[in-house]
Amino acid sequence: MTKYVARRLLQAALTVFCVLTIAFVLGRASGKPAALMLTEGATEQQIHDLNETLGFNRPLLEQYLDFATGVLSGDFGNSYRNPGVPAITLIAERLPATMTLALTAFAVGLALALIAALAIHIRGSKLLRSLFIWGGSMRQSIPDFFFGVLLVLIFSVGLGALPSLGYTGPSSFVLPVATIATAQFVLYVRLLDSSLSEQAGQEYVRTAYARGKSHPAVVVTEMLPNALLPVLTVAGLNLAGLLGGAVIVEQVFAWPGLGEVLITAVSQRDFAVVQAGLLVVAMIFVIVNIAVDVLYSVIDPRVRPS
Amino acid sequence: MIPTVTIAMAVETPRVGRRRARSRTRGSVLPFVGVALIASMLLFVLIVPLLPGFDPLAQDLSRARLLPFADPAHPLGTDAIGRDSLSRLAEGGRTTMLIALAIVAINLVLGVTMGLCAGFFGGWMDSFITLVSEVNLAMPVVLLLIAIASIVGPSALLMVIVLGCTFWMGYARVARATAMSLRDRDFVLAPQMLGAGAGWTIRKHILPHVVPQMLILAVTDIGVVMLIQAGLDYLGLGVQPPSPTWGGLILEGQKTLRIDPWPAVLPGLAIFLVVVGIQFLSQKFTAEGTLPLRKVR
C-alpha cells in the first residue's frame, strides 16, 4: 500500500514537472517577455534594461530553477500588464467563482444521473433507459455554450423569469448550473447504467436475491456501492475538462469567474496570468487524482497492485 | 467538459457483444438518418456558395437586421451590419467542417503512429506515451490554447495545431493494444526474421489491422471536435473575424438575442444537426444500451 502511494506520488511529481516545463518553454519560446511588456515604441536599450532587471538575461537553466521553485512555493511572478500585481492574485480572486459553479453543476448533474440510473434499474425499464440515454445524447450534441444561449432565450428573454448576466443572487446560479449539469448528466448516466448492468450479472447479486432481499433493496444496497466506484475515477479525470468547459459557459452568462480574466489576458497578451491559471488548474487536477486513486484503493482492495 | 466524452467511450469501449449489436441495429434506420443529415448539411455548405448573391462579407447597412424570409435577396435575413445570413451560415459551415476534418486527420495520424510504436516496441516508448496522456489530461485544452494564444495571439492555425496535438490519445490507446496483441504472431515475426525493418513490418502487417477501428473512432471524433472547436470559436480563440464560423456566428448573434434570436439560433441548429447525424451514424458501430437489464421480480 505504501509502495503504491509512493509510486503514485512519483508519477504525479513527474506530471507536475512536465506541466511546469511546458509552461516555462511556452513562456520563453516567444522571446524575452520585456518586448511584450513595453509599448510598441520601446527602444532596444529599454527592452534590454527591463529584461536585465527582471532577470530574463540570465542563463535559461538558472531561470528555470528559479521559476520552478517559485511556483512550488506559490510565487507565479507578476502580471505583465498590471505591474506589481502577482499573477496568482488575479487568478485566486476569480477561481472560487469558477469552482463554485463547476462543482455545483457537477453535483447536480451527478445527482440527476444517479436518480435516472436507479430508476432505470429499479423499474428494469428499457423505455426509461432509451429515454434518458437518448435524451442525454441529444443534449450532448448541442455545444454547451449554445445550450446556455438557448436557456437565456427561453427563460430570460422569453419568460423573463431568471437573470441571464453576471451574479445577482442565488437565482443567477440556475441557468449556468443547468447548462453544465445537463452535460455532466449524460456522462454519468451512461457510466452508472453500464456499471449497474455489469453488477446485475454477478454472483453476489444472485445471493442477495436468494436471501430474500427485494429488487429495489438489492439495487440500492448491493449493486450501487460497487457501481459508484468507476464514477470516482471518471469524475477525477473529468475535473480538468469540467473547469475548462466552465470557462466557456461563464462567457455566455458573464459569470465573474476565471473565464473573463483569461480572455482579457489573451487580448492583452498577459501570459503570466494565464500561466498561473494553467498551473493552478493542473496542480488541482494532479492532487485530486492522487486523492481519488488512494481513496479508490482504500475502498476497493482489488485494485491494489500486489 | 467535452473531452471527457472520449474518456467515457474508452471506459465502456463497446467492442464486446459486437455481433449482438449488429443484429440489433440491422433493422435500425438511425444510421441512414445520420447519413442523410450529414449529406444534407454538406450539400448545404457546398451548394449555397454557388447561388447568385453569395457573399459572406459584403455589408449593406441600409438592409441590416432583416428577419428571415423578409427579403427574397436574403432568405435568412441579415446580421447587425447587413451581411447576408445565409451566405455566412454556409461559409461558416464550410470553415467549421474543414477545420474539424483537419484536426481529426492530424489526431488520427499522430495517434496511430504513437500507438503502433508504443505497442510494437514497448519499453520506454510505452512509458513515454502514458506520461504524455497524464500531462495532457491535467491541462484542459481550453486553458492550454488560451495560454499559447496569450503569447502569439489567437488564430485558426493555432487552434488546429493545439487540438491536433491533444486529442490523439484515443487512437493511440486502441492502436497500442492491437499492436501489442499482434507483435508476437508468426506473420509479424517471420518477415523480421528475413530481415525486414520494424517500420516496414508495422506498415505492412500491423497497420492494416487497426485501420477499420481507427476510421470508426475518427468518425465519432469529428462530432466531438466540432463541439470543442465551436466553443473555442465562440471564445474568439479560433478563426478570427470577419471570417464566419458556426461558433463565431453564435457569439455575434448573442449580442442581438433580445431583438432577433435567429442569427444565434441557426448556426447552433446547424452544429446540432451535424453532430446528431454523426451520433446516429456511429450507432452502427457501437453497442450502446444493449447490456441486459435485470428483470424485476
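Thresholds applied
Residues numbered from 1 in each chain as written. Chains lettered and ligands numbered in written order. Predicted model: local features only at pLDDT ≥ 70, side-chain atom pairs only at ≥ 80, totals over all residues. Heavy atoms only, no water. Axes fitted to C-alpha atoms, helices over the stretch in contact; angles between N-to-C directions. Helix = DSSP H or I, 4+ residues; strand = E, 2+ residues; numbered from the N terminus. Parallel < 35°, antiparallel > 145°, perpendicular 65-115°, else oblique. Left-handed = near helix turned anticlockwise from the far one by under 90°. Contact = heavy atoms within 4.5 Å. Nonpolar A, V, L, I, M, F, W, Y, C, P; charged D, E, K, R; others polar. Expected span 1.5 Å × (residues − 1). Buried < 20%, exposed > 50% of the residue type's maximum accessible area, 1.4 Å probe, protein only. UniProt positions renumbered as here; feature names shortened; annotations may be inferred. Core = buried A, V, L, I, M, F, W, Y, C linked by side-chain atoms within 4.5 Å. Polar contact = N/O pair within 3.5 Å; in protein donor to acceptor, adjacent residues only side chain to side chain. Phe/Tyr/Trp six-rings, centres within 6.5 Å; stacked < 30°, edge-to-face > 60°. Lys NZ or Arg CZ within 6 Å of the ring centre and 35° of its normal. Salt bridge = Lys/Arg side-chain N within 4 Å of Asp/Glu carboxyl O.

Take the packing of helix 9 (residues 203–210) of chain A against helix 10 (residues 215–253) of chain A next. Residue and element names in this part refer to chain A. One way to put it is that helix 9 packs onto helix 10 with a least axis distance of 10 Å and a crossing angle of 150 degrees. Looking at the two axes, helix 9 sits roughly antiparallel to helix 10. In this structure, helix 9 crosses over helix 10, and the sense of that crossing is right-handed. Note on element contacts: helix 10 touches helix 9 through His215, Val218, Glu222, Met223 and Asn226, opposite Tyr204, Val205, Ala208 and Tyr209. When grouped by side-chain class, the residues that make up the contact of helix 9 with helix 10 number 6 nonpolar, 2 polar and 1 charged.

Before going further, it helps to examine helix 12 (residues 262–282) of chain B. Taking 1.5 Å as the rise per residue, helix 12 of chain B with 21 residues should run 30 Å; its terminal C-alpha atoms sit 30 Å apart, in good agreement. Most of helix 12 of chain B sits inside the fold, with 17 of its 21 residues counted as buried.

The subject of this paragraph is the UniProt feature "transmembrane region" (unreviewed entry) in chain A. Sites flagged by UniProt as "transmembrane region" (unreviewed entry) map to residues 101–124, 145–167, 173–192, 231–253 and 273–296 of chain A. Annotated as 100% helix and 0% strand, the span residues 231–253 of chain A places its first and last C-alpha atoms 29 Å apart.

The biggest cluster of nonpolar side chains holds 139 residues, and the ones touching the most others in it are Ile146 and Trp246 of chain B. It is helix 10 (residues 198–234) of chain B that provides the largest number of residues to this core, a total of 14 residues. In this structure Trp246 of chain B touches Met41, Val45, Leu89, Gly92, Gly93, Thr96, Met97, Met226, Pro267, Ala270, Ile271 and Val274 of chain B, once residues within four positions along its chain are discounted. Core analysis: the next-biggest nonpolar cluster, separate from the first, contains 25 residues, Leu110, Ile133, Leu191 and Leu192 of chain A among them.

What follows is about the side chain of Ser156 of chain A. Position of Ser156 of chain A among the secondary structure elements: in helix 7 (residues 144–158). Ser156 of chain A sits in the buried class, given a relative accessible area of 9%. Within the structure, the side chain of Ser156 of chain A is placed 2.8 Å from the backbone oxygen of Leu162 of chain A, a separation counted as a polar contact. Ignoring anything within four residues of it in the chain, the contact list for Ser156 of chain A reads Leu151, Leu162, Pro163, Ser164 and Leu175 of chain A together with Arg258 of chain B.

UniProt's entry tags residues 93–282 of chain B with the feature "domain: ABC transmembrane type-1" (unreviewed entry), counted in the numbering of this structure. End-to-end, the C-alpha atoms of residues 93–282 of chain B are 21 Å apart, and along that stretch the chain is 82% helix and 0% strand.

Right, let's talk about the packing of aromatic side chains for a bit. Residue and element names in this part refer to chain A. Enumeration over the complete set of coordinates arrives at 8 aromatic pairs over all chains. Among the aromatic residues, ring-to-ring pairing joins Phe24, Tyr64 and Phe67 into one connected group. Its end group placed over the ring of Phe147, Arg139 keeps NZ or CZ at 4.1 Å from the ring centre.

So, about the pattern of salt bridges. Pairing between side chains of opposite charge can happen when the charged atoms of each approach one another. Residue and element names in this part refer to chain A. Counted under the stated rule, the structure contains 13 salt bridges over all chains. Its salt-bridge partner being Arg94, residue Glu260 comes within 3.2 Å of it at the nearest N-O pair. Separated by 166 residues along the polypeptide, Glu260 in helix 11 (residues 258–267) and Arg94 in helix 5 (residues 87–123) bring together distant segments of the chain. When its relative accessible area of 36% is taken as the criterion, Glu260 is described as partly exposed. In this structure, Arg211 engages Glu222 in a salt bridge whose closest nitrogen and oxygen atoms are separated by 3.5 Å. Of this pair, Arg211 sits in the loop between helix 9 and helix 10 while Glu222 sits in helix 10, and the two are 11 residues apart along the sequence. Under the relative-accessibility criterion, Arg211 is labelled exposed at 56%. Of the residues examined, Glu222 reaches a relative accessible area of 18% and is grouped as buried. Linked through salt bridges whose partners overlap, the residues forming this network are Arg58, Glu62 and Asp66.

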